[in-house]
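Chain by chain, the residues:
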Amino acid sequence: MDDLTTELDLDAIRVFLHLLGVCGWVGGQLVMGALVPVLRKVSPEAPRLAAERFGWVAWACFALAVVTGVWSLAAVEVADRSGGYHVTLLVKLLLVGASGAAAAIHGTTNSVVVRAATGAAAALTALGALLAGAILVA
């Protein structure tokens, strides 16, 4: 076999599953945000119904991303990494937590203002966590 051959191994599966979870969590929030105005035109209940269904997928993706993120931390020698890596990792973990917390509040509040603020906060912190993750692997 030559140098261009790539193996499907446990690391590749771990990374694939992590990316799948991240895509569903981050991308799903962006898509839902874009669809809400259109759904409102269809029916006043349509955004709520879509959000309920999306929540099942989004939270499964969030859980998948967290579990595979922990798996990834176990697979690398974090102690051997630079101080900059540790700071970026801490920022990423804080952003992931903030995104999950904001989304949880978003999904349980009855306040339109709080729902708007926490929806935006969940998406922006998810994007920040995604950027931090890209920095960690670059």
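This one's a predicted model, so the numbers in the text were calculated from it and none came from an experiment.

This part covers the pattern of salt bridges. For the structure shown, the criterion picks out three salt bridges. For Arg14, the salt bridge is made with Asp11, and the minimal N-O distance between the two is 3.0 Å. Of this pair, Arg14 and Asp11 are both found in helix H1 (residues 10-42), three residues apart, which corresponds to roughly one turn of the helix. Of the charged contacts, one joins Arg48 and Glu45 as a salt bridge, the two residues approaching to 2.5 Å between their closest N and O atoms. A single salt-bridge network, built from bridges that share partners, covers Glu45, Arg48 and Glu52.

At their nearest, the axes of H1 and helix H2 (residues 46-75) sit 8 Å apart, and the two run at 160° to each other. Judged by the inter-axis angle, H1 sits roughly antiparallel to H2. Like other packed secondary-structure pairs, H1 and H2 cross with a definite hand, here left-handed. Grouping the amino acids of the contact of H1 with H2 by side-chain chemistry returns 22 nonpolar, eight polar and two charged.

Basis of the calculations
Residues numbered from 1 in each chain as written. Predicted model: local features only at pLDDT ≥ 70, side-chain atom pairs only at ≥ 80, totals over all residues. Heavy atoms only, no water. Salt bridge = Lys/Arg side-chain N within 4 Å of Asp/Glu carboxyl O. Helix = DSSP H or I, 4+ residues; strand = E, 2+ residues; numbered from the N terminus. Axes fitted to C-alpha atoms, helices over the stretch in contact; angles between N-to-C directions. Parallel < 35°, antiparallel > 145°, perpendicular 65-115°, else oblique. Left-handed = near helix turned anticlockwise from the far one by under 90°. Nonpolar A, V, L, I, M, F, W, Y, C, P; charged D, E, K, R; others polar.

Function cannot be read off these values alone, since they describe shape.
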